[in-house]
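An overview of the molecular structure
Below, each chain spelled out in residue letters.
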Amino acid sequence: MRLLILTFIAVLSFQESSYAHPVSYEGGYSLMTQMSSQKSETMIVYSPKWYYGLGAVYEQMKPTPNLQSDVMLTSSQLSWLVNRWNLDDAQGNIYLFGGPGYAHFTDEAVSNFKSGGFYRLGLQADFETRKVYTMFRFIENRLFQSNPNQSNLIFNQLDFRLGYAPYIANYNQLNSWIILNLRTNTEFNKITVIPTLRFYFNNFLWELAQDFDGNSYLNFMTRF
Amino acid sequence: MNSKKTSITLKSKTNLNLNLIFSILAMFAVIKPVLAVEKLNKDKLTPEVKKTEVADAVKSESQNIITKEATVKGMVCAFCVDTLKKVFSKQKEVETVQLDLDTKKLTLTFKANQNMDDSKIKKLIKSSGYDVMTITESRINL
(Lines give C-alpha, C1' and ligand atoms only; values in the text may rest on other atoms or scores of the structure.)
Protein backbone atom coordinates (compact mmCIF):
# COMPACT_ATOMS: atom_id res chain seq x y z
CA MET A 1 0.00 0.00 0.00
CA ARG A 2 2.81 2.37 0.94
CA LEU A 3 4.51 1.57 -2.37
CA LEU A 4 1.28 2.32 -4.21
CA ILE A 5 0.92 5.67 -2.49
CA LEU A 6 4.57 6.53 -3.12
CA THR A 7 4.23 5.49 -6.77
CA PHE A 8 1.15 7.67 -7.12
CA ILE A 9 2.86 10.63 -5.51
CA ALA A 10 5.92 10.02 -7.67
CA VAL A 11 3.95 10.47 -10.87
CA LEU A 12 2.43 13.69 -9.66
CA SER A 13 4.05 16.92 -10.74
CA PHE A 14 3.55 20.50 -9.83
CA GLN A 15 1.98 23.19 -11.98
CA GLU A 16 4.29 25.95 -11.08
CA SER A 17 2.59 28.82 -12.84
CA SER A 18 -0.80 27.99 -11.46
CA TYR A 19 -1.27 30.26 -8.50
CA ALA A 20 -5.02 29.93 -8.98
CA HIS A 21 -6.86 26.63 -8.81
CA PRO A 22 -4.95 24.24 -11.05
CA VAL A 23 -7.89 21.93 -11.77
CA SER A 24 -10.89 23.43 -13.54
CA TYR A 25 -14.36 21.93 -14.10
CA GLU A 26 -15.41 18.68 -15.79
CA GLY A 27 -14.43 18.92 -19.45
CA GLY A 28 -12.71 22.29 -19.00
CA TYR A 29 -9.29 23.51 -20.14
CA SER A 30 -6.89 25.89 -18.40
CA LEU A 31 -4.09 27.78 -20.08
CA MET A 32 -1.42 29.34 -17.89
CA THR A 33 1.72 31.27 -18.66
CA GLN A 34 4.35 32.78 -16.43
CA MET A 35 7.09 35.11 -17.52
CA SER A 36 9.87 36.63 -15.48
CA SER A 37 13.43 37.76 -16.01
CA GLN A 38 14.56 34.35 -14.69
CA LYS A 39 12.20 31.95 -16.41
CA SER A 40 9.17 31.46 -18.62
CA GLU A 41 6.59 28.72 -18.48
CA THR A 42 3.51 27.64 -20.44
CA MET A 43 1.07 25.01 -19.30
CA ILE A 44 -2.20 23.61 -20.60
CA VAL A 45 -4.43 21.40 -18.48
CA TYR A 46 -7.53 19.39 -19.35
CA SER A 47 -9.80 18.32 -16.48
CA PRO A 48 -11.77 15.12 -17.21
CA LYS A 49 -13.29 15.48 -13.74
CA TRP A 50 -13.52 18.40 -11.35
CA TYR A 51 -11.01 16.80 -8.99
CA TYR A 52 -8.15 16.01 -11.38
CA GLY A 53 -6.47 17.41 -14.45
CA LEU A 54 -4.04 16.19 -17.10
CA GLY A 55 -1.54 18.66 -18.44
CA ALA A 56 1.60 19.45 -20.38
CA VAL A 57 4.24 21.96 -19.29
CA TYR A 58 7.14 23.66 -21.00
CA GLU A 59 9.50 25.64 -18.81
CA GLN A 60 12.68 27.52 -19.65
CA MET A 61 15.11 28.73 -16.99
CA LYS A 62 18.14 30.95 -17.22
CA PRO A 63 21.46 29.94 -15.63
CA THR A 64 21.59 30.20 -11.85
CA PRO A 65 24.54 29.64 -9.47
CA ASN A 66 23.45 26.02 -9.09
CA LEU A 67 22.39 25.20 -12.64
CA GLN A 68 25.19 27.04 -14.49
CA SER A 69 23.29 26.53 -17.74
CA ASP A 70 20.05 27.27 -19.50
CA VAL A 71 17.59 24.47 -18.86
CA MET A 72 14.40 23.48 -20.64
CA LEU A 73 11.96 21.28 -18.77
CA THR A 74 9.22 19.52 -20.72
CA SER A 75 6.82 17.42 -18.71
CA SER A 76 3.43 15.82 -18.50
CA GLN A 77 1.54 16.07 -15.28
CA LEU A 78 -1.39 15.05 -13.21
CA SER A 79 -3.04 17.47 -10.78
CA TRP A 80 -5.20 16.01 -8.09
CA LEU A 81 -7.56 17.93 -5.87
CA VAL A 82 -7.16 15.90 -2.69
CA ASN A 83 -9.83 17.74 -0.76
CA ARG A 84 -12.04 20.81 -1.06
CA TRP A 85 -13.96 22.53 1.70
CA ASN A 86 -16.92 24.49 0.37
CA LEU A 87 -18.09 26.89 3.05
CA ASP A 88 -20.82 29.52 2.93
CA ASP A 89 -18.42 32.36 2.11
CA ALA A 90 -15.11 30.60 1.66
CA GLN A 91 -13.32 27.75 -0.02
CA GLY A 92 -10.26 25.70 0.97
CA ASN A 93 -8.31 23.25 -1.20
CA ILE A 94 -5.43 20.82 -1.04
CA TYR A 95 -3.78 19.75 -4.29
CA LEU A 96 -1.03 17.30 -5.19
CA PHE A 97 0.77 17.62 -8.51
CA GLY A 98 3.32 15.65 -10.39
CA GLY A 99 4.64 13.92 -13.45
CA PRO A 100 7.67 12.83 -15.40
CA GLY A 101 9.49 14.86 -18.03
CA TYR A 102 12.74 15.60 -19.77
CA ALA A 103 15.27 18.18 -18.62
CA HIS A 104 17.60 19.55 -21.26
CA PHE A 105 20.69 21.47 -20.09
CA THR A 106 22.01 23.47 -23.02
CA ASP A 107 25.56 23.76 -21.68
CA GLU A 108 26.39 20.43 -20.07
CA ALA A 109 30.10 21.21 -20.12
CA VAL A 110 29.71 23.87 -17.45
CA SER A 111 26.53 22.68 -15.79
CA ASN A 112 26.41 20.53 -12.69
CA PHE A 113 23.74 18.43 -14.39
CA LYS A 114 23.37 16.19 -17.39
CA SER A 115 20.26 16.19 -19.55
CA GLY A 116 17.84 13.39 -18.82
CA GLY A 117 14.54 12.35 -17.38
CA PHE A 118 13.24 14.17 -14.33
CA TYR A 119 10.14 14.27 -12.17
CA ARG A 120 8.22 16.96 -10.33
CA LEU A 121 6.40 16.69 -7.07
CA GLY A 122 4.31 19.37 -5.49
CA LEU A 123 1.78 20.26 -2.87
CA GLN A 124 -0.51 23.28 -2.70
CA ALA A 125 -2.96 24.34 -0.03
CA ASP A 126 -5.11 27.45 -0.32
CA PHE A 127 -7.96 29.15 1.44
CA GLU A 128 -9.90 32.14 0.19
CA THR A 129 -12.88 34.29 0.93
CA ARG A 130 -13.88 37.25 -1.20
CA LYS A 131 -11.69 39.46 0.96
CA VAL A 132 -8.73 37.31 2.03
CA TYR A 133 -6.57 34.83 0.16
CA THR A 134 -3.80 32.58 1.49
CA MET A 135 -1.72 29.94 -0.23
CA PHE A 136 1.13 27.60 0.59
CA ARG A 137 2.97 25.77 -2.15
CA PHE A 138 5.99 23.49 -2.39
CA ILE A 139 7.58 22.16 -5.57
CA GLU A 140 10.56 19.93 -6.19
CA ASN A 141 12.22 18.90 -9.48
CA ARG A 142 14.65 15.98 -9.47
CA LEU A 143 16.51 14.06 -12.15
CA PHE A 144 15.82 10.33 -12.22
CA GLN A 145 19.50 9.61 -12.69
CA SER A 146 21.54 10.24 -9.59
CA ASN A 147 25.22 10.98 -9.51
CA PRO A 148 27.24 9.94 -6.42
CA ASN A 149 29.08 13.27 -6.46
CA GLN A 150 26.10 15.44 -7.22
CA SER A 151 22.57 15.69 -5.88
CA ASN A 152 19.83 14.95 -8.41
CA LEU A 153 17.83 17.93 -7.14
CA ILE A 154 17.42 20.45 -9.99
CA PHE A 155 15.61 22.92 -7.78
CA ASN A 156 12.87 23.23 -5.21
CA GLN A 157 10.79 26.21 -4.20
CA LEU A 158 8.54 27.18 -1.35
CA ASP A 159 5.93 29.95 -1.66
CA PHE A 160 3.63 31.52 0.85
CA ARG A 161 1.03 34.08 -0.22
CA LEU A 162 -1.26 36.38 1.65
CA GLY A 163 -3.72 38.48 -0.33
CA TYR A 164 -6.32 41.13 0.34
CA ALA A 165 -9.10 42.46 -1.90
CA PRO A 166 -9.50 46.22 -1.34
CA TYR A 167 -13.09 46.08 -2.64
CA ILE A 168 -15.61 43.34 -3.32
CA ALA A 169 -16.52 43.00 -6.97
CA ASN A 170 -19.05 40.80 -8.69
CA TYR A 171 -18.45 38.40 -11.58
CA ASN A 172 -18.77 40.90 -14.43
CA GLN A 173 -16.67 43.53 -12.67
CA LEU A 174 -12.91 43.81 -12.33
CA ASN A 175 -11.68 41.91 -9.26
CA SER A 176 -8.41 43.20 -7.81
CA TRP A 177 -6.11 41.72 -5.19
CA ILE A 178 -2.99 42.95 -3.43
CA ILE A 179 -0.80 39.96 -2.61
CA LEU A 180 2.39 39.55 -0.68
CA ASN A 181 4.37 36.56 -1.92
CA LEU A 182 7.24 35.18 0.15
CA ARG A 183 9.49 32.78 -1.75
CA THR A 184 12.52 30.70 -0.97
CA ASN A 185 14.32 28.24 -3.25
CA THR A 186 17.52 26.29 -3.66
CA GLU A 187 18.73 28.65 -6.38
CA PHE A 188 19.13 31.78 -4.33
CA ASN A 189 18.95 30.45 -0.77
CA LYS A 190 17.16 33.48 0.66
CA ILE A 191 13.64 34.70 1.21
CA THR A 192 12.42 36.87 -1.66
CA VAL A 193 9.55 39.27 -1.05
CA ILE A 194 7.38 39.69 -4.15
CA PRO A 195 4.56 42.28 -3.94
CA THR A 196 1.95 41.22 -6.50
CA LEU A 197 -1.16 42.70 -8.07
CA ARG A 198 -3.80 40.24 -9.25
CA PHE A 199 -6.74 41.04 -11.50
CA TYR A 200 -9.69 38.85 -12.41
CA PHE A 201 -12.19 39.64 -15.12
CA ASN A 202 -14.71 37.00 -16.23
CA ASN A 203 -12.52 33.99 -17.00
CA PHE A 204 -9.20 35.83 -17.26
CA LEU A 205 -6.59 36.33 -14.56
CA TRP A 206 -3.47 38.50 -14.70
CA GLU A 207 -0.73 38.98 -12.15
CA LEU A 208 1.89 41.69 -12.22
CA ALA A 209 4.73 41.63 -9.72
CA GLN A 210 8.18 42.92 -8.97
CA ASP A 211 10.57 41.84 -6.23
CA PHE A 212 13.06 44.08 -4.42
CA ASP A 213 15.91 42.82 -6.61
CA GLY A 214 14.23 44.36 -9.63
CA ASN A 215 12.92 41.12 -11.19
CA SER A 216 9.51 41.48 -12.87
CA TYR A 217 6.84 38.80 -13.11
CA LEU A 218 3.82 38.49 -15.40
CA ASN A 219 1.35 35.63 -15.01
CA PHE A 220 -1.72 34.96 -17.09
CA MET A 221 -4.42 32.32 -16.79
CA THR A 222 -7.67 31.56 -18.56
CA ARG A 223 -10.21 28.76 -18.60
CA PHE A 224 -12.27 27.62 -21.55
CA MET B 1 -110.61 5.80 -84.05
CA ASN B 2 -107.37 3.95 -84.05
CA SER B 3 -105.41 6.98 -85.11
CA LYS B 4 -107.00 9.00 -82.27
CA LYS B 5 -106.03 6.31 -79.74
CA THR B 6 -102.47 6.27 -81.04
CA SER B 7 -102.28 10.04 -80.75
CA ILE B 8 -103.40 9.94 -77.08
CA THR B 9 -100.86 7.23 -76.30
CA LEU B 10 -98.05 9.25 -77.85
CA LYS B 11 -99.14 12.37 -76.00
CA SER B 12 -99.15 10.57 -72.66
CA LYS B 13 -95.71 9.04 -73.40
CA THR B 14 -94.35 12.48 -74.23
CA ASN B 15 -95.77 13.89 -70.97
CA LEU B 16 -94.22 11.02 -69.06
CA ASN B 17 -90.82 11.68 -70.59
CA LEU B 18 -91.11 15.38 -69.86
CA ASN B 19 -92.14 14.65 -66.29
CA LEU B 20 -89.15 12.35 -65.92
CA ILE B 21 -86.76 14.99 -67.29
CA PHE B 22 -88.22 17.71 -65.07
CA SER B 23 -88.02 15.39 -62.06
CA ILE B 24 -84.35 14.62 -62.74
CA LEU B 25 -83.58 18.31 -63.27
CA ALA B 26 -85.39 19.16 -60.07
CA MET B 27 -83.42 16.52 -58.20
CA PHE B 28 -80.15 17.98 -59.53
CA ALA B 29 -81.32 21.44 -58.65
CA VAL B 30 -81.83 20.35 -55.04
CA ILE B 31 -78.96 17.91 -54.63
CA LYS B 32 -76.19 19.99 -56.20
CA PRO B 33 -76.35 22.90 -53.76
CA VAL B 34 -76.60 20.43 -50.86
CA LEU B 35 -73.51 18.59 -52.07
CA ALA B 36 -71.73 21.87 -52.64
CA VAL B 37 -72.45 23.04 -49.08
CA GLU B 38 -71.42 19.69 -47.73
CA LYS B 39 -68.15 19.82 -49.69
CA LEU B 40 -67.49 23.31 -48.44
CA ASN B 41 -68.02 22.27 -44.84
CA LYS B 42 -65.91 19.18 -45.36
CA ASP B 43 -63.01 21.29 -46.72
CA LYS B 44 -63.21 23.65 -43.80
CA LEU B 45 -63.47 21.10 -41.06
CA THR B 46 -61.22 18.19 -41.91
CA PRO B 47 -60.09 16.30 -38.80
CA GLU B 48 -56.42 17.33 -39.44
CA VAL B 49 -57.21 21.01 -39.52
CA LYS B 50 -59.27 20.71 -36.39
CA LYS B 51 -56.49 18.80 -34.61
CA THR B 52 -53.81 21.40 -35.47
CA GLU B 53 -56.00 24.31 -34.53
CA VAL B 54 -56.83 22.75 -31.20
CA ALA B 55 -53.19 21.86 -30.49
CA ASP B 56 -52.08 25.40 -31.32
CA ALA B 57 -54.74 26.86 -29.14
CA VAL B 58 -53.76 24.63 -26.21
CA LYS B 59 -50.11 25.36 -26.71
CA SER B 60 -50.54 29.09 -26.89
CA GLU B 61 -52.68 29.06 -23.81
CA SER B 62 -50.36 26.98 -21.55
CA GLN B 63 -46.76 28.20 -21.94
CA ASN B 64 -45.05 27.45 -18.66
CA ILE B 65 -41.81 29.24 -17.85
CA ILE B 66 -39.98 27.71 -14.91
CA THR B 67 -37.20 29.38 -12.99
CA LYS B 68 -35.05 27.63 -10.38
CA GLU B 69 -32.75 29.33 -7.93
CA ALA B 70 -29.92 27.44 -6.22
CA THR B 71 -27.74 28.74 -3.41
CA VAL B 72 -24.19 27.54 -4.03
CA LYS B 73 -21.65 26.83 -1.32
CA GLY B 74 -18.01 27.60 -2.06
CA MET B 75 -18.57 30.09 -4.88
CA VAL B 76 -16.05 32.80 -4.01
CA CYS B 77 -14.33 33.90 -7.19
CA ALA B 78 -14.90 34.85 -10.81
CA PHE B 79 -13.59 31.47 -11.99
CA CYS B 80 -16.22 29.71 -9.86
CA VAL B 81 -18.95 31.78 -11.51
CA ASP B 82 -17.54 31.21 -14.97
CA THR B 83 -17.40 27.47 -14.36
CA LEU B 84 -21.06 27.21 -13.37
CA LYS B 85 -22.11 29.50 -16.20
CA LYS B 86 -20.37 27.28 -18.77
CA VAL B 87 -21.71 24.03 -17.31
CA PHE B 88 -25.36 25.13 -17.18
CA SER B 89 -25.34 27.01 -20.49
CA LYS B 90 -24.59 23.69 -22.22
CA GLN B 91 -27.80 22.08 -20.93
CA LYS B 92 -30.50 21.90 -23.61
CA GLU B 93 -33.36 22.75 -21.22
CA VAL B 94 -31.73 25.97 -20.05
CA GLU B 95 -32.65 29.31 -21.62
CA THR B 96 -30.62 31.66 -19.39
CA VAL B 97 -28.09 31.32 -16.55
CA GLN B 98 -27.54 34.11 -14.04
CA LEU B 99 -25.03 34.10 -11.20
CA ASP B 100 -24.49 36.47 -8.34
CA LEU B 101 -21.34 36.30 -6.23
CA ASP B 102 -22.86 38.52 -3.53
CA THR B 103 -25.88 36.34 -2.84
CA LYS B 104 -24.26 33.04 -4.01
CA LYS B 105 -27.34 32.49 -6.17
CA LEU B 106 -27.48 30.54 -9.41
CA THR B 107 -30.69 31.39 -11.31
CA LEU B 108 -31.75 29.11 -14.15
CA THR B 109 -34.59 30.02 -16.49
CA PHE B 110 -35.75 27.10 -18.61
CA LYS B 111 -37.18 27.03 -22.11
CA ALA B 112 -40.99 27.07 -22.37
CA ASN B 113 -42.59 23.97 -20.87
CA GLN B 114 -39.20 22.53 -19.88
CA ASN B 115 -37.68 21.81 -16.50
CA MET B 116 -34.70 20.19 -14.81
CA ASP B 117 -34.80 17.88 -11.79
CA ASP B 118 -33.31 19.19 -8.57
CA SER B 119 -31.16 16.07 -8.47
CA LYS B 120 -29.66 16.94 -11.87
CA ILE B 121 -28.97 20.53 -10.77
CA LYS B 122 -27.27 19.23 -7.62
CA LYS B 123 -25.25 16.73 -9.64
CA LEU B 124 -24.05 19.40 -12.11
CA ILE B 125 -23.07 21.77 -9.32
CA LYS B 126 -21.28 18.97 -7.49
CA SER B 127 -19.43 17.88 -10.63
CA SER B 128 -18.27 21.49 -11.01
CA GLY B 129 -16.69 21.28 -7.56
CA TYR B 130 -19.29 23.08 -5.41
CA ASP B 131 -22.10 22.23 -3.01
CA VAL B 132 -25.77 23.19 -2.97
CA MET B 133 -27.55 24.66 0.03
CA THR B 134 -31.09 25.18 -1.28
CA ILE B 135 -33.10 25.01 -4.51
CA THR B 136 -36.36 26.92 -4.99
CA GLU B 137 -38.74 26.92 -7.96
CA SER B 138 -41.10 29.49 -9.42
CA ARG B 139 -43.47 29.21 -12.39
CA ILE B 140 -44.93 31.76 -14.76
CA ASN B 141 -47.88 30.83 -16.98
CA LEU B 142 -47.97 32.79 -20.21
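All values derive from a computational prediction rather than experimental measurement.

**A closer look at the pattern of salt bridges**
Tallied over the entire structure, the rule returns 16 salt bridges over all chains. Where Glu207(A) meets Arg161(A), a salt bridge forms, and the shortest distance between an N and an O atom there is 3.0 Å. Pair noted here: Glu207(A) is in strand β11 (residues 204-210) and Arg161(A) is in strand β8 (residues 153-164), with a separation of 46 residues, a long-range link. Like Glu207(A), the residue Arg161(A) is buried in the burial classification. As a salt-bridge pair, Lys120(B) and Glu93(B) come within 3.1 Å of each other at their nearest N and O atoms. One end of the pair, Lys120(B), is in helix α4 (residues 118-127); the other, Glu93(B), is in the loop between α3 (78-89) and β2 (94-100), and 27 residues separate them in sequence. Overall, Glu93(B) belongs to the buried group, its relative accessible area being 9%. What you see here is one network of salt bridges that share partners, running through Lys68(B), Asp118(B), Glu137(B) and Arg139(B).

**Here's the deal with empty space enclosed by the protein**
Counted under the stated rule, the structure contains four cavities of 30 Å³ or more. Estimates place the volume of the largest cavity at around 100 Å³. Around the largest cavity sit Glu128(A), Arg130(A), Ala165(A), Tyr167(A), Ile168(A), Ala169(A), Asn175(A), Ser176(A), Trp177(A), Tyr200(A), Val76(B) and Cys77(B), which together line it. Sort the elements by how many residues they give to the lining of the largest cavity and strand β9 (residues 175-185) of chain A lands first, with three residues. Quantified by volume, the second largest cavity comes out at close to 80 Å³. Surrounding the second largest cavity, 12 residues form its lining, Arg161(A), Asn181(A), Ala209(A), Tyr217(A) and Asn219(A) being those nearest its centre. Where the lining of the second largest cavity is concerned, the elements lending two or more residues are β9, β10 (191-201), β11 and β12 (216-223) of chain A. Considering each element in turn, the lining of the second largest cavity owes the most residues, three residues, to β11(A). When its residues are assigned to classes, the lining of the second largest cavity shows five nonpolar, four polar and three charged.

Cut-offs applied
Residues numbered from 1 in each chain as written. Chains lettered and ligands numbered in written order. Predicted model: local features only at pLDDT ≥ 70, side-chain atom pairs only at ≥ 80, totals over all residues. Heavy atoms only, no water. Salt bridge = Lys/Arg side-chain N within 4 Å of Asp/Glu carboxyl O. Helix = DSSP H or I, 4+ residues; strand = E, 2+ residues; numbered from the N terminus. Buried < 20%, exposed > 50% of the residue type's maximum accessible area, 1.4 Å probe, protein only. 1 Å grid on protein atoms, 1.4 Å probe; cavity = no way out; pocket = protein on both sides within 12 Å on 5 of 7 lines; lining within 4 Å. Points joined across faces, edges and corners; volume = space filled by probe spheres on them. Nonpolar A, V, L, I, M, F, W, Y, C, P; charged D, E, K, R; others polar.

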